[in-house]
Amino acid sequence: MRETWQHDDLLNAAVEAVARLRVDGARVHCLTNSVAQAFTANLLLAAGATPSMTMAREEIRDFASRADAVLINLGTLDPDRMAAMEIAARLCHETPKPFLLDPVMCHLSPLRRDFAIRLLQYAPSVMRSNAEEAEAVSTAIAGLPAGMGIPCQVITGSVDRILHDGREWQVANGHHWLSRITAAGCAEGALMAALASVAENLPAASLAALLWVNVAAENAAGTARGPGSFQAALLDCIHDLEPAELMKRAKLNEKL
Amino acid sequence: MRETWQHDDLLNAAVEAVARLRVDGARVHCLTNSVAQAFTANLLLAAGATPSMTMAREEIRDFASRADAVLINLGTLDPDRMAAMEIAARLCHETPKPFLLDPVMCHLSPLRRDFAIRLLQYAPSVMRSNAEEAEAVSTAIAGLPAGMGIPCQVITGSVDRILHDGREWQVANGHHWLSRITAAGCAEGALMAALASVAENLPAASLAALLWVNVAAENAAGTARGPGSFQAALLDCIHDLEPAELMKRAKLNEKL
Amino acid sequence: MRETWQHDDLLNAAVEAVARLRVDGARVHCLTNSVAQAFTANLLLAAGATPSMTMAREEIRDFASRADAVLINLGTLDPDRMAAMEIAARLCHETPKPFLLDPVMCHLSPLRRDFAIRLLQYAPSVMRSNAEEAEAVSTAIAGLPAGMGIPCQVITGSVDRILHDGREWQVANGHHWLSRITAAGCAEGALMAALASVAENLPAASLAALLWVNVAAENAAGTARGPGSFQAALLDCIHDLEPAELMKRAKLNEKL
């Protein structure tokens, strides 16, 4: 693994995606957990995207079909949410339209793990998870048809990893207060979905969201007095962050 | 259209309603979307009102019957919510008790549009919507019985409009950051419902809510650094705003 | 009633519980109302605890069984929530594992009151309620089997009361802005559940949560400009509060 931070084509494409989202916007339909809904909507609005959040199977087609991207986050899962999620995933697959799968806590619940795997048949553009969730999915799909792959996978942690087409990039930005507020990761997934609709490619969309949230978090920590004021400052900094600053601040590394 | 701002009887009645709510309070039962629940409750509390928010059809009578006003907001609609909303709307109609209908995104979903129209038979005191939602309802009810009218309609936009009994007033207060936080409009509808229970008439209640939220937003924008701090500052300013300041700051116009 | 504030064994045990939670953490599974979910999660995170919040009966065993404590809060009740709550309560009773019952607004709804009483058969570690809710439960269970008692009861108000084993302590800390933000009481219940998993005894856990939230509120009110900034400052102060400061600031009294 080389220890130099690379400012390469991927970084350029990520910064370009951020700039484009701020100018053009994007509609993101979020099928997400009830804890994260409000913060996710606020983060998308701060970034220049437009959220919708309805969950009923009766309406999901009307909303998902007009969105530019869809988020499917398995937190606070229940049978009604599952039905809507499968309709939305199928719609994205058929359109096609980018959708991001966040299999929240699927390592703790066989129901979620199996449902996450079920959604893989609709080929999510990006799966975003932590290492334990990624492991739970990987272990379970061993032996399943190869076509169930994921074009791009983001594994979050103290260093975030982007895996795509045999390559891996690592991003070391962030602040520990991100883990002291709820829904930061869930909202990052929604932003990643938004960026997938405007970025040149999926690793660039993934990198753009990781940098935007994590560099904003570094900035927010400079003014916040604790996790409560950090939450508000994070939205302020998401709103203010200039694409050019991301270019300078990125701690990006390709694992070779 | 005259371009002078009018400080007339309507404005006096609106300011009087704000003063009364701050002193006497009001209980508002909110049947609202899951994204907006917490911010709506916080805005009502900041204004001096008391929210309740339960949604189950088994309990809706117990809560709606003791409220002074009811909000029915169609965001994140589902069959269970619809059942509770119809029970509450009928109860308000029979009591009678003010209720406000906010047909969120009904222009995007036939289910919502048809349900909004169904609720019109219970004669909501105020319908609050944006222009697209108002258009969707108006188009659909053309040819339906005339008795399905709405006593007072508020159409929000860069300039907000109040329509009542053949007259129209326009309100030009506000700040663009209101559109960069989620639930500001939904919470404004809840406040309008609260004010409908203490105001002299429905246009005064509508104006009072528009002024309270939008002048507070102008004040909040003066101290906020972005949409995150704006959200907190908005609640602070809702709490602090003196009725007399509304009188001075109102950009109110009657369209003639 | 003696008017001197006592710094006794109970206070030492409460402060010890706060210190332990900050170091060791605790997993709390929260079955709570949809209005309070995000703030509750944020308050637990600020205190050093780890929340989970899923509600579906299909998953509740997976999540409750790995938690250190469970919160059952009856706000926004519905049949699905009730099913999950009963599964979780039984699991806690059989394990055994601390669980806290918060019978929100049970004095307004026979459904809630009866369900609260039904849950008493699983012997909640602590019941936390206001005086009206406590009265509704007490009146209804008169004549029922004595075994349905509650080991520890907290009755909140301008002075909070802790009742246990024939004794009563009173806590006079707090700030009136706590009643101008939503979910502060609900989140305090979640923190009480967390502390019940690390405290020496239940009155100490109860006292620890009351002091932590109420002294933090006193601190937050010193910097906040209104209920919006107070909400953020409260989380900051929950995060910052040193156990030693609780010892000095506690307004604790035993009723004799």
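These remarks concern the structure in this document. (Residues numbered from 1 in each chain as written. Chains lettered and ligands numbered in written order. Predicted model: local features only at pLDDT ≥ 70, side-chain atom pairs only at ≥ 80, totals over all residues. Heavy atoms only, no water.)

### Let's talk about the interface of chain B and chain A
So, step 1. The interface is formed by 23 residues belonging to chain B together with 22 residues belonging to chain A.
So, step 2. Approximately 1,900 Å² of surface area, both sides summed, lies buried where chain B meets chain A, with 56% of it carried by carbon and sulfur atoms.
So, step 3. Area buried by chain B at its contact with chain A is led by B:Val35, B:Leu108 and B:Arg180, which between them contribute 29% of it.
So, step 4. On inspection of chain B and its partner chain A, the count reaches one salt bridge.
So, step 5. The residue B:Arg112 makes a salt bridge to A:Glu59 at a minimum N-O spacing of 2.7 Å.
So, step 6. At the junction of chain B with chain A, the criterion picks out nine residue pairs in polar contact (both at pLDDT 80 or more).
So, step 7. Every element with two or more residues in the side of chain B that touches chain A is listed here: helix 5 (110–120) and helix 9 (227–240) of chain B.
So, step 8. Residue composition of the side of chain B that touches chain A, by class: 10 nonpolar, nine polar and four charged. (Contact = heavy atoms within 4.5 Å. Buried area = accessible area lost by both parts, 1.4 Å probe. Salt bridge = Lys/Arg side-chain N within 4 Å of Asp/Glu carboxyl O. Polar contact = N/O pair within 3.5 Å; in protein donor to acceptor, adjacent residues only side chain to side chain. Helix = DSSP H or I, 4+ residues; strand = E, 2+ residues; numbered from the N terminus. Nonpolar A, V, L, I, M, F, W, Y, C, P; charged D, E, K, R; others polar.)

### Section: the interface of chain A and chain C
One widely used convention gives an interface's size as the accessible area the parts lose upon coming together.
So, step 1. Each side of the interface is counted separately: chain A has 23 residues, and chain C has 22 residues.
So, step 2. It is A:Val35, A:Leu108 and A:Arg180 that lose the most area in chain A upon contact with chain C, and together they represent 29% of the buried surface on that side.
So, step 3. At the surface where chain A touches chain C, the tally comes to one salt bridge.
So, step 4. At the junction of chain A with chain C, the criterion picks out nine residue pairs in polar contact (both at pLDDT 80 or more).
So, step 5. Put simply, the parts of the chain that give the side of chain A that touches chain C at least two residues each are helix 5 (110–120) and helix 9 (227–240) of chain A.
So, step 6. Considering each element in turn, the side of chain A that touches chain C owes the most residues, four residues, to helix 9 of chain A.
So, step 7. Partitioned by chemical class, the residues of the side of chain A that touches chain C number 10 nonpolar, nine polar and four charged.

### Describing the sheet that holds strand 8 (residues 167–171) of chain B
Residues and elements named next belong to chain B.
So, step 1. Strand order across the open sheet formed by nine strands is 2-1-3-4-5-6-7-8-9, with mixed pairing between neighbours. Looking at which strands have only one partner, the edges of the open sheet turn out to be strand 2 (50–52) and strand 9 (252–255). When strand polarity is set aside, the average angle formed by the axes of neighbouring strands in this sheet is 20 degrees.
So, step 2. Across the sheet, helix 7 (residues 184–196) is in contact with strand 1 (27–31), strand 3 (69–73), strand 4 (99–102), strand 5 (126–130) and strand 6 (152–156); its angle to strand 3 comes to roughly 155 degrees. (Pairing = 2+ DSSP bridges. Axes fitted to C-alpha atoms, helices over the stretch in contact; angles between N-to-C directions.)

### Structural notes on the relation of the copies chain B and chain A
So, step 1. Note on the copies: chain B fits chain A at an RMSD of 0.0 Å, the axial shift is 0.0 Å, and the rotation between them is 120 degrees. Such a turn and shift between the copies fits a three-fold axis. Measuring from the rotation axis to each C-alpha of chain B, the shortest distance belongs to B:Ser34, at 4.0 Å. (Least-squares fit on C-alpha atoms with pLDDT ≥ 70 in both.)

### As for the sheet that holds strand 4 (residues 99–102) of chain A
All names here are of chain A.
So, step 1. Read from one edge to the other, the open sheet built from nine strands follows the order 2-1-3-4-5-6-7-8-9, with strand pairing classed as mixed. In this open sheet, the two strands that pair with only one neighbour each are strand 2 (50–52) and strand 9 (252–255). Adjacent strand axes in the sheet meet at a mean angle of 20 degrees, parallel and antiparallel pairs treated alike.
So, step 2. As paired elements, strand 8 (residues 167–171) and strand 9 share four bridges and run antiparallel to each other. In the sheet register, Val-171 faces strand 9, and the bridge partner there is Leu-252.
So, step 3. The strands touched by helix 8 (residues 202–221) are strand 5 (126–130), strand 6 (152–156), strand 7 (160–164), strand 8 and strand 9; relative to strand 7, the strand with the most contacts, the crossing angle is about 170 degrees.

By themselves, these figures tell us nothing about what the structure is for.
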